[in-house]
Each structure stands twice: as C-alpha cells, then as structure tokens.
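Report on the structure
So you can see what is in the structure, the chains are spelled out below.
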Amino acid sequence: MSGFPEFKYRNNILYAESVSLQQIAQEFGTPCYVYSRAALTSAYNEFKNAFAQREHLICYAVKANSNLAILNLLAQLGSGFDIVSGGELQRVIKAGGNPQKIVFSGVGKNIDEMRMALSADILCFNVESLAELQALNQLAGKMNKTAPVSLRVNPDVDAKTHPYISTGLKENKFGVPVSEAERIYHCSHEYPHLEFTGLDCHIGSQLTELSPFMQASEKMLNLLDRLQSQGLEIEHLDLGGGLGIRYTNETPPSISDYVSALCASTTHVKQRLLIEPGRSMIGNAGLLLTRTEYLKHTPDRNFAIVDAAMNDLMRPALYDAYHDILSVHQKTDKTLDYQVVGPVCETGDFLGHNRMLSIASGDYLAVMSAGAYGMSMSSNYNTRPRAAEVMVDGDSVHLIRQRETIDQLTASEAILT
Ligand code: LLP
C-alpha cells in the first residue's frame, strides 16, 4: 500500500495512475517531478463540492506549484488564483486564468507589479500595510483606476505549525492588526482611488487542526460585523489557505470537513467566501522520482546517494520536513536503514533520514507528497539544472516542463569585456 490513491503498486511496481514510474524514469530521465491529473482534479472537486450552494471562489495559491499545465487545468475547472508577484500574475494569464478571479497577496508588492495587476483588472489586492495602501491609492489615481482592496488582517492566532510558515501571530510580518484595520476601513473615504471590497486573513500553512482556523474566522466575523454596522459594504471574506496534508502520520481534517467547518462558522454571513489553498490542492498529487546512484556503507551509516538533491526539493533541508520515500520496485529482500542524500556539497542535503529500504544502485525511489513547494522552491545550486516535470493522465504522460540544460543556466551571464 502506498496510501496515495493515484500512486499505487501493481505487481510490486509503483504506478502513477496507469503508468509505471519505472517507465517514466526511463523515458524522461531523473530527477523528475510526476503529477497525477486525477489527484489534482479530485482535490479541486472536493473543495468545490464541499462549498455546495455557498457563493464562493477557490483561489489556488500559485506559489505552491506554478507550472503552466497545472494552472491551466485549474483554470479549466473554474479555479481562481492567489498570486504574490508580477511573475505569478503573468503565469496565470498565460495559462488562461481569468483576472477577475485573481487576488494579489504579499507584503512587498512593488509599483510595477501593482501597475501590471491594475491593468489586468484583477479581483482584489490583499493589502498588508498602510504604506502599501497609500502607494496603491496614488498609483490607481495616476492610472485613472479604482483599485479593489481587502486589508489582510493579522488576527494574532497561533496556527500551531512550523514557525517559518506561521503567519498570523502579531510578531509576524504579515497583515495589519485588527484595531488598525478597523481604523483604516473607517477612514476609507480618505482613499478616493480605492474600493474596500473585501476582508482577508491567512494564518499559516500545513495546519493539521481546525481550531486555529475557527479562532481566526471568529475574529474576522466580529470585525466584519462591526464594519457592517458602520455602514461599510464588504463583498467578500477571504479566509486564506493553510490546510495541511498527510506526509507521514499527521491527521489533518479532510478538505470537505475543513470547508464544511468554514461554511458552518459563517452561516449568517452574506458575503462571498474566498479561500486560498495551495498545498492541499497539489501536495499529494505529485512526487519526485529519483535514481539511486551509489550505495555507501560506513561503520556508522548506510547512505543512498540519489540524483535528486536539496536544490530540487528543499523542504527537508529548510524545515526538516518529512517526505515518505518509496521504492519504485518493491522488493522482498532484507531492508537496511538508509540516509537518503543528494549530490550537493552540504550535510543539510538530504531527502530523508533513517529510511528502511531494500535497494541497489540504479534503483528508482519516489519521494512522496512533493507536489507543493517542491519544484516551485527549486534552485540551481551547485549549477544543477532543474528537474523535468510530467503530468500523468490515465495511461498517457505529458512532459509539462523540459529538464533544464547547462546552456540555459549560463545563457544570461557575461564575462567582463
Ligand atoms: N495564501 C497566502 C497569503 C499564503 O501566504 C499562502 C502560503 C497560501 C495562501 C497557501 O497556503 P497553503 O494552502 O499552501 O498552506 N514553503 C512552505 C510553505 C509556505 C507557505 C507560504 N504561504 C513549505 O514548503 O511548507
């Protein structure tokens, strides 16, 4: 058993839908990210169905995985998008996304990015400071436009997740405190080129409990009530992303339980509900396929040196994150306790510690749950070309990103003349 519905063993070989990973590795090389179209579609549909009759917009957080094929599939399913840069805006537009379904988050949007988003007529700017609000007001005025805005409120709620990806505490750089937000909405007339259409929060990522979401939602609803009683017309409530996935033995709420809880806590709210899921949409729809180069046995440790490294998947190095590692060819031979490491020259370059595996050099391994924040956080460290990406759809495989070449890596560099 692999525990992933679209990645299962058949005759001891791990498959993505109906294609063996062995075949993918041989045809496209390794390291290679492999995504399942069925898994992505089913996650999106679970979100959509759970909202049932509720007016809503699912804004996929592009940062989780920004491949054009993934954005395009989600756009076709009707998804909106949460972006955090001008680059992500251009990707969404290129992939056929509807600008009227785009929200723009992030603490440091620059003027060029704001201009691009205003020209594209996006749905809303999630503004994170007074200084940003003033800059946007001024720019919109110059462009003869009205910018739709939500303030991103920092509700000061503990998301109980890794500190690097916790964003809703008062000491975090994100959003504005509730009291300041209230003052700003109150003075909305001071910003003639802005229209305050929404209210927004996002408290962190990889949350495995509902309670922090509920606490944040309660604070947001109280604020919304106060704003409405002062006569402010708010059109939507954006509750951010953050739902966790199962990497190993976590037990996060299911997508439908999470959405149902959000809907239940907001039954009296007439506003459209927005959410910004990233990881829960694509995390378990992707894996990183890698080849064992060498086995090395020392008196202390067994090392499986593989061809994927921290530049391909940096979550283990950065957050000490755990990803399941499965043998593509499941063998019944004796297992050994392996440190699964890459070729990069750092001790932090590991994909997994202490994994019981039965492998030989040349064998393929699948690093699971790597669909989110895998490729999108990859780098060229050690001048390593970025991996290829493929999308499996039933029994066919589509190359959705070619493996980078060394020439591409050096193409924009120059030697002094
Ligand atoms: N909305 C905003 C404003 C965000 O900052 C994020 C993620 C999301 C939505 C999506 O959150 P999700 O549903 O994916 O949890 N690199 C880290 C995760 C960083 C998350 C950053 N913000 C990791 O690999 O765990």
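Reading guide: rules and limits
Throughout this description, residue numbers start from 1 for each chain and increase along the sequence as written. It should be noted that, the model being predicted, local features are given only for residues of pLDDT at least 70 and side-chain atom pairs only at 80 or more, the latter also being counted only at that level, while totals for whole chains, interfaces and linings use all residues. Note that water and hydrogens are dropped before the side-chain values are worked out from all heavy atoms of the structure. Strands are runs of DSSP state E lasting at least two residues, helices are runs of H or I lasting at least four, and both sets are numbered from the N terminus onward. The quantity called the radius of gyration is restricted to C-alpha atoms. Its globule counterpart is 2.2 Å times the number of residues to the power 0.38. Note on exposure labels: buried denotes an accessible area under 20% of the residue type's maximum, exposed denotes more than 50%, and partly exposed covers the range between, all computed with a 1.4 Å probe on protein chains only. Contacts are assigned to residue pairs with any non-hydrogen atoms lying within 4.5 Å of each other. Residue-level accessible areas treat just the shown protein chains as cover; the underlying method is Shrake-Rupley with a 1.4 Å probe. Residues adjacent in sequence count toward polar contacts only when both atoms are side-chain atoms; beyond that, a polar contact is any pair of N or O atoms within 3.5 Å, and within protein one must be able to donate a hydrogen and the other to accept it. Each domain's limits were defined by an automated method or a database of domain assignments. Buried area: the accessible surface (1.4 Å probe) lost by two parts on joining, summed over both. Gly is put with the polar residues, along with every residue not named as nonpolar or charged; the nonpolar set is Ala, Val, Leu, Ile, Met, Phe, Trp, Tyr, Cys and Pro, and the charged set is Asp, Glu, Lys and Arg. By convention in these notes, a residue is near a molecule or strand provided one of its non-hydrogen atoms lies within 4 Å of it. The rule for pairing is simple: two strands pair if DSSP sees at least two bridges between them. For crossovers, right-handed means that the path from the first strand over the helix to the second runs clockwise, given strands pointing away from the viewer. What counts as a disulfide here is a pair of cysteine sulfur atoms lying within 2.5 Å. Stacked, tilted and edge-to-face are the three classes assigned to paired rings of Phe, Tyr and Trp, where Trp is represented by its six-membered ring and a pair needs centres within 6.5 Å; plane angles under 30 degrees give stacked, over 60 edge-to-face, the rest tilted. In these notes, a set of buried Ala, Val, Leu, Ile, Met, Phe, Trp, Tyr and Cys residues joined through side-chain atoms within 4.5 Å is what counts as a nonpolar core. All axes here are fitted lines through C-alpha atoms, helices being fitted over the stretch that makes contact, and every angle between N-to-C directions spans 0 to 180 degrees. Put simply, angles under 35 degrees are roughly parallel, angles over 145 are roughly antiparallel, angles from 65 to 115 are roughly perpendicular, and the rest are oblique. Here is the rule for handedness: rotate from the far helix to the near one, and if that takes an anticlockwise turn smaller than a right angle the crossing is left-handed, while a clockwise turn gives right-handed. A pairing counts as a salt bridge when a side-chain nitrogen of Lys or Arg comes within 4 Å of a carboxyl oxygen of Asp or Glu.

Across its full length, the protein chain holds twelve helices and 21 strands. Its C-alpha radius of gyration of 23 Å places the protein chain within 12% of the 22 Å reference for a compact globule of 417 residues. Once the C-alpha set of the protein chain is aligned to its principal axes, its extents read approximately 70 × 60 × 40 Å. Burial status across the protein chain gives 54% buried among its 417 residues. For the protein chain, restricting intrachain contacts to residue pairs at least 6 apart in sequence, the fraction spanning at least 24 positions comes to 69%. For the protein chain, the accessible area works out to roughly 17900 Å², and carbon and sulfur atoms hold 49% of it.

Further remarks concern the side chain of lysine 109. Relative to the helices and strands, lysine 109 is located in the loop between strand E7 (102-104) and helix H5 (111-120). Take lysine 109: its relative accessible area is 8%, and that puts it in the buried class. Only 2.8 Å separates the side chain of lysine 109 from the backbone oxygen of glycine 106, close enough to count as a polar contact. Within the structure, lysine 109 has its side chain in polar contact with the side chain of glutamate 132 (distance 2.6 Å).

As a further point, take the domain arrangement of the protein chain. For the protein chain, the domain assignment lists domain 1 (7-36 + 283-410) and domain 2 (105-277). For domain 1 and domain 2, the distance between their C-alpha centroids amounts to 36 Å. With ten residues of domain 1 at the interface, the matching set in domain 2 holds eight residues. Counting each side, the surface lost to burial between domain 1 and domain 2 is near 750 Å², with a carbon and sulfur contribution of 58%. In this assembly, domain 1 and domain 2 are joined by one residue pair in polar contact (both at pLDDT 80 or more). Of the residues contributing to the side of domain 1 that touches domain 2, the split by class is four nonpolar, four polar and two charged.

So, about the site of the ligand. Close to the ligand lie 19 residues, the nearest being Ser205, Glu276, Arg315, Tyr319 and Tyr373. The separation between an oxygen atom of the ligand and a polar main-chain atom of glycine 278 is 2.9 Å. A distance of 2.6 Å is found between an oxygen atom of the ligand and a side-chain nitrogen or oxygen belonging to tyrosine 373. Bound to the protein, the ligand loses 92% of the 590 Å² it would expose on its own. In terms of residue class, the shell around the ligand is made up of six nonpolar, seven polar and six charged. In this structure, the shell around the ligand is formed jointly by two domains, domain 1 (7-36 + 283-410) and domain 2 (105-277), each of which donates at least three residues.

Counting buried positions along strand E9 (residues 147-154) yields eight of eight residues, so the element is predominantly enclosed. In the sheet, strand E8 (residues 124-127) pairs with E9 via three bridges, with the strands oriented parallel. Residue pairing for E9: valine 127 is matched across the bridge by leucine 151. Once the chain exits E8 it traverses helix H6 (residues 130-142) before rejoining the sheet at E9, and the crossover so formed is right-handed. Pairing analysis gives six bridges linking E9 to strand E11 (residues 194-200), with the strands arranged parallel.

Here the structure, examined in full by the defined rule, presents zero disulfides. Distance from the sulfur of cysteine 59, which forms no disulfide, to the nearest cysteine sulfur (cysteine 124) is 9.5 Å.

Centre-to-centre distance and the angle between the planes together describe a pair of aromatic rings. Considering all chains together, one arrives at six aromatic pairs under this definition. Ring centres of tyrosine 164 and tyrosine 319 lie 6.4 Å apart, and the angle between their planes is 70 degrees; on these two criteria the pair is classed as edge-to-face. With tyrosine 164 in the loop between E9 and strand E10 (176-177) and tyrosine 319 in helix H11 (residues 315-319), this residue pair connects regions lying 155 residues apart in the sequence. Residue classification places tyrosine 164 among the exposed positions, given a relative accessible area of 58%.

Now for the nonpolar core. By size, the foremost hydrophobic cluster in this structure holds 94 residues, and its most contacted members are Tyr60, Phe125 and Leu199. Mapping this core onto the domain boundaries places at least three of its residues in each of domain 1 (7-36 + 283-410) and domain 2 (105-277). With near-sequence residues (within four places) excluded, tyrosine 60 lies in contact with Asn65, Ile70, Leu71, Leu74, Ser79, Gly80, Phe81, Asp82, Pro277, Gly278, Met281 and Ile282. Residues Ile13, Ala16, Phe28 and Ala366 belong to the second largest nonpolar core, which totals 24 residues.

Looking now at helix H9 (residues 255-265). Along H9, the positions that sit buried rather than exposed are Ile255, Tyr258, Val259, Ala261, Leu262 and Cys263. Summarising the contacts, the buried residues of H9 are in contact with helix H2 (37-51), helix H8 (211-229), strand E13 (272-275) and helix H10 (279-282).

Across the interface, H8 lies against H9 with an axial gap of 10 Å and an inter-helix angle of 25 degrees. The angle between H8 and H9 places the two elements in the roughly parallel class. H8 and H9 meet at a crossing whose hand is right-handed. When H8 is examined against H9, the residues Phe213, Met214, Ser217 and Leu221 are found in contact with a partner set consisting of Tyr258, Ala261, Leu262 and Ser265. The residue makeup of the contact of H8 with H9, split by class, is six nonpolar, two polar and no charged.

This model, assessed by the stated rule, comprises 14 salt bridges. A salt bridge links arginine 37 to aspartate 393; the shortest N-O distance between them is 3.1 Å. With a gap of 356 residues between them, arginine 37 in helix H2 and aspartate 393 in strand E20 (residues 388-393) connect regions that are remote in the sequence. By relative accessible area, arginine 37 is classed as partly exposed at 31%. Judged by relative accessible area, aspartate 393 falls into the partly exposed class, the value being 29%. With a closest N to O distance of 2.9 Å, aspartate 112 and arginine 115 form a salt bridge. Here aspartate 112 and its partner arginine 115 are both found in helix H5, three residues apart, which amounts to about one turn of the helix. Judged by its relative accessible area of 35%, arginine 115 is partly exposed.

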